[in-house]
Amino acid sequence: MTEPHDPRGNLVRPYAVTRGRTEPIRDIPIEAVLVASPAAVQESRFAGHDKYRIAVLCEPKAQSLAELAALTRLPLGVARVLVADMVADGLLSLHSAAPLKGYTERMDLLGRVLSGLRKL
Amino acid sequence: MDFASSERAGAPPSEITSAKIVIAGGFGVGKTTLVGAVSEIEPLTTEAVMTAAGAGIDDASKVPEKGTTTVAMDFGRITMAEDLILYLFGTPGQTRFWFMWDELIRGAVGAAVMVDTRRLTDAFAPLDYFENRHLPYLVAVNCFDGAPRYEPEEVREALAIPARVPLVMCDARHRESVKAVLISVVEHAMTTLVAEHEQGIVVA
Ligand SMILES: Nc1nc2c(ncn2[C@@H]2O[C@H](COP(=O)(O)OP(=O)(O)OP(=O)(O)O)[C@@H](O)[C@H]2O)c(=O)[nH]1
Ligand SMILES: [Mg+2]
């Protein structure tokens with residue numbers, strides 16, 4: 001099959017794995033953590049090679065979007081599209097990045113990070 | 001620390017929170033070294049595709065045919081508890097990637113701007129950047145072997161660092177030194193948050 005000339009040029013190629021989509025269905029912060037659902041590995045077997053690899057990586061331990069992009073060697077934007085799809089399909093659950101609002105929540109998080117660092 | 005036993009013992013925690021601290025600074029200032037000194041994993045690199053002009057990170061639909069570039073960020077991880085992970089993100093060294101910094105600092109707890117006393121002027125651009133953003137940051141002077149030794153106050157004066165911004169000396173290769181830097185970042189973030197709360201900027 002010959003592709004029509006695409007004015008976006010080379011950049012499109014990495015997005016072949018997302019079937020050309022470049023916008024994730026939801027925004028995911030790079031440090032947000034993803035956990036595989038119990039059947040994720042099994043169910044993603046036919047969801048495409050990259051989704052399968054992502055499921056396998058999230059199986060033993062929670063991984064951030066940044067880790068998934070780095071370990072699969074996918075560009076961050078591509079990994080974000082795939083991960084967002086997998087969250088929508090129930091293959092992965094998205095865990096929250098640090099709270100941005102609310103004095104009490106933010107102070108609580110800072111306190112926990114501080115004691116975590118002191119224990120290192 | 002190893003949380004493997006608690007992870008395996010039962011279901012994963014219902015909510016895992018992740019926090020990040022940004023390690024900024026000019027080219028070759030020791031960002032990756034600092035991250036590696038405390039990370040439980042070998043620092044990883046993630047790449048983002050973008051235009052050289054800086055429009056639309058990773059967004060191919062807005063990208064004209066030329067001038068795309070790949071920018072690499074490296075990062076490390078510290079699993080603090082079953083339900084708490086701290087990530088340390090190093091900024092890309094080159095200043096033409098500012099727009100990538102905006103994505104990196106979004107939601108961060110705070111930042112450390114690293115300074116190399118052999119190339120003090122490299123710090124001006126990153127310091128300017130943080131002066132114009134709403135994120136608590138401090139300055140970490142990385143003490144390279146054979147670099148000129150300055151008193152902290154001399155560095156502060158040379159770089160016109162405001163009094164409210166903490167300045168610490170460090171050795172990015174040493175875990176204890178890096179721990180101290182990160183603890184200072186978090187303490188500074190807490191002090192800033194308390195002050196903003198008292199001024200009514202941040203509400204409960
Ligand atoms: N003596 C000494 N050398 C250091 C220190 N920190 C880093 N280095 C060395 O300086 C060089 C650059 O350090 P990196 O950690 O790669 O610097 P970087 O900021 O990540 O560099 P870029 O990502 O290229 O901008 C390496 O060869 C390090 O081994 C330090 O505290 N003391
Ligand atoms: Mg580096």
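Right, let's walk through the structure included here. Computed from a predicted model, the values in this text were never measured in an experiment. (Residues numbered from 1 in each chain as written. Chains lettered and ligands numbered in written order. Predicted model: local features only at pLDDT ≥ 70, side-chain atom pairs only at ≥ 80, totals over all residues. Heavy atoms only, no water.)

Things to note about the nonpolar core
Where a protein is soluble and globular, its nonpolar side chains tend to be buried together.
So, step 1. Leu 34, Ile 54, Leu 76, Val 83 and Leu 92 of chain A together with Met 100 of chain B are the most contacted members of the largest nonpolar core, which has 44 residues in total.
So, step 2. Ranked by the residues each element gives to this core, the list is headed by helix 4 (residues 76–88) of chain A, at eight residues.
So, step 3. Setting aside its immediate chain neighbours within four residues, Leu 92 of chain A contacts Leu 34, Val 35, Ala 36, Ser 37, Ile 54, Cys 58, Val 83, Met 86 and Val 87 of chain A.
So, step 4. Ranked by size, the runner-up nonpolar core spans 39 residues in total, among them Leu 34, Val 35, Leu 84 and Leu 182 of chain B. (Core = buried A, V, L, I, M, F, W, Y, C linked by side-chain atoms within 4.5 Å. Buried < 20%, exposed > 50% of the residue type's maximum accessible area, 1.4 Å probe, protein only. Helix = DSSP H or I, 4+ residues; strand = E, 2+ residues; numbered from the N terminus. Contact = heavy atoms within 4.5 Å.)

With respect to the pattern of salt bridges
So, step 1. One pass over the structure, following the stated rule, counts 19 salt bridges over all chains.
So, step 2. Asp 85 of chain A is the salt-bridge partner of Lys 51 of chain A, the closest N and O atoms lying 3.4 Å from each other. Taken together, the residues Lys 51 of chain A in helix 2 (residues 49–58) and Asp 85 of chain A in helix 4 connect sequence positions 34 residues apart. By the burial criterion, Lys 51 of chain A is buried, and Asp 85 of chain A matches it.
So, step 3. Overlapping salt bridges, with partners in common, bring together Asp 27 and Arg 80 of chain A together with Glu 103 and Arg 106 of chain B in one network. (Salt bridge = Lys/Arg side-chain N within 4 Å of Asp/Glu carboxyl O.)

Overview of unusual backbone geometry
So, step 1. Of note in this structure, Arg 73 of chain A is not a glycine but carries a positive phi near 60°.
So, step 2. As for its placement among the helices and strands, Arg 73 of chain A is situated in the loop between helix 3 (65–72) and helix 4.
So, step 3. The class of Arg 73 of chain A is exposed, set by a relative accessible area of 77%.
So, step 4. Residues other than glycine seldom take positive phi values, yet Ala 160 of chain B does so here, at roughly 55°.

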